[in-house]
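Topology and contacts: notes
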Amino acid sequence: MSGTAVGIDIGGTGIKGAIVDLATGALLSDRIKIPTPKGGKPDGILATTVELLNRLEGLEPDAPVGVCFPAVVKHGVTLSAANISKKWIGLHAEELFEQALGRDITFANDADAAGYAEASFGAARGVDGVAIMTTLGTGIGTAILHNGVLVPNAEFGHLEIDGHDIETRASNAARERENLGWAEWAERLQKFYGALERYLSPDLFIVGGGVSKQHDEFIPLLSLSTPIVPAVHRNNAGILGAAALAVRTIPPLS
Ligand code: BGC
C-alpha cells in the first residue's frame, strides 16, 4: 500500500484524526482529538469533524479521507447509533459528511475500521483464513476479515447470551461499571469468545480497545481453541483503518 490518506474516528467521547502513511501505518501529522459535542447529535459531530480536518497540518486537498463511526453503516446510511444521538439512525450520514467537508469520503463502522487496520498494519496482517476483530470498549465492536477482505457490519457485540445483550455484560465499560475483577470479567468474555468460536470457527481472534494494553490480565484466563492475541493498534486503530479503507489496497495473499 502506498500514499497517504486521512483517517477520522468518531466516537461517543472524542473525534480523532490524523494523516496516515499507508505503506507503514505511521501517523504523518499530529493526532488531533476533539471532544465529541454533548449528546453526539448530527450538527455538532459534523461541525467538529470539519474543525478537525481544518486543523490537520500538511493536508493535501485531494487526499483520500476515511471516516469511521460507531454504527452499522450500510451504503452510507447509519442504521444504528452506539453512544451517540439516536438522531443518526436512518440518516444518509456519508452524504452529510461529504457536504460538510466538501469532499468525497469513505464511510465505515468503527470496529470494521479497527479490523482493517489490523489486517493492513497489525495482528491480522497476512492471516490465512478468518480473523475476528473485537474491540472491548464502551460497547463491543466486531469485524470479520477473510484473507484480509472485510465482511462489513458484523454486530456480535449484541449477541444474546444468558438473556443479555453481551455488550452490556462483557464490554470494558461493564467491567468498570460493575467493578469486576479480571477473573470475573474473563468468565463473561469466555462466553462471548466461546460463542464466536462455535458459530464462526475462526483462525484468529484479535482483542482491541484500550483495555487490551492489559491483555496479560485476562487473555490467559480464556480457554479457547482459536489463537487469541492483543491488537497491535489500540487508540489509533480507527484512524489507521479508516485511512486504509479510503484506499483499500490490501494485497491478496499469495
Ligand atoms: C455498536 C457497533 C460498534 C461498537 C463499538 C456497538 O454498540 O453496535 O456498531 O462498532 O459498539 O463502537
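Look up a bit, the structure's there.
Reading the values: the criteria
- Residues numbered from 1 in each chain as written.
- Predicted model: local features only at pLDDT ≥ 70, side-chain atom pairs only at ≥ 80, totals over all residues.
- Heavy atoms only, no water.
- Salt bridge = Lys/Arg side-chain N within 4 Å of Asp/Glu carboxyl O.
- Buried < 20%, exposed > 50% of the residue type's maximum accessible area, 1.4 Å probe, protein only.
- Helix = DSSP H or I, 4+ residues; strand = E, 2+ residues; numbered from the N terminus.
- Pairing = 2+ DSSP bridges.
- Axes fitted to C-alpha atoms, helices over the stretch in contact; angles between N-to-C directions.
- 1 Å grid on protein atoms, 1.4 Å probe; cavity = no way out; pocket = protein on both sides within 12 Å on 5 of 7 lines; lining within 4 Å.
- Points joined across faces, edges and corners; volume = space filled by probe spheres on them.
- Nonpolar A, V, L, I, M, F, W, Y, C, P; charged D, E, K, R; others polar.
- Domains from an automatic or database assignment.

A separate point is the pattern of salt bridges. For the coordinates displayed, the defined rule picks out 5 salt bridges. Where R175 meets E176, a salt bridge forms, and the shortest distance between an N and an O atom there is 4.0 Å. Residue classification places E176 among the exposed residues on the basis of a relative accessible area of 53%. Across the salt bridge formed by R188 and E178, the nearest N and O atoms sit 3.0 Å from each other. With R188 in helix α6 (residues 182-200) and E178 in the loop between α5 (172-177) and α6, the pair connects residues that are 10 residues apart, well separated along the chain.

One open sheet holds the 5 strands; their spatial order is β10-β9-β8-β13-β14, and the pairing between them is mixed. Each of the sheet's edge strands pairs with one partner strand only, and the pair in question is β10 (149-151) and β14 (228-230). Averaged over all neighbouring strand pairs, the angle between strand axes comes to 30 degrees, with direction disregarded. Where strand β8 (residues 130-136) meets strand β13 (residues 204-208), 5 bridges bridge the pair, whose relative direction is parallel. Looking at the pairing, T134 lines up with V207 of β13.

The calculated volume of the largest pocket comes to roughly 960 Å³. Lining the largest pocket are 43 residues, with D110, T135, G137, T138 and G139 sitting closest to its centre. Elements represented by at least two residues in the lining of the largest pocket include exactly β1 (4-10), β2 (14-21), α3 (110-121), β8, β9 (140-146), α5 and α8 (237-247). Grouping the constituent residues of the lining of the largest pocket by class yields 13 nonpolar, 21 polar and 9 charged. Taken domain by domain, the makeup of the lining of the largest pocket includes at least three residues from each of domain 1 (4-109 + 236-245) and domain 2 (123-230).

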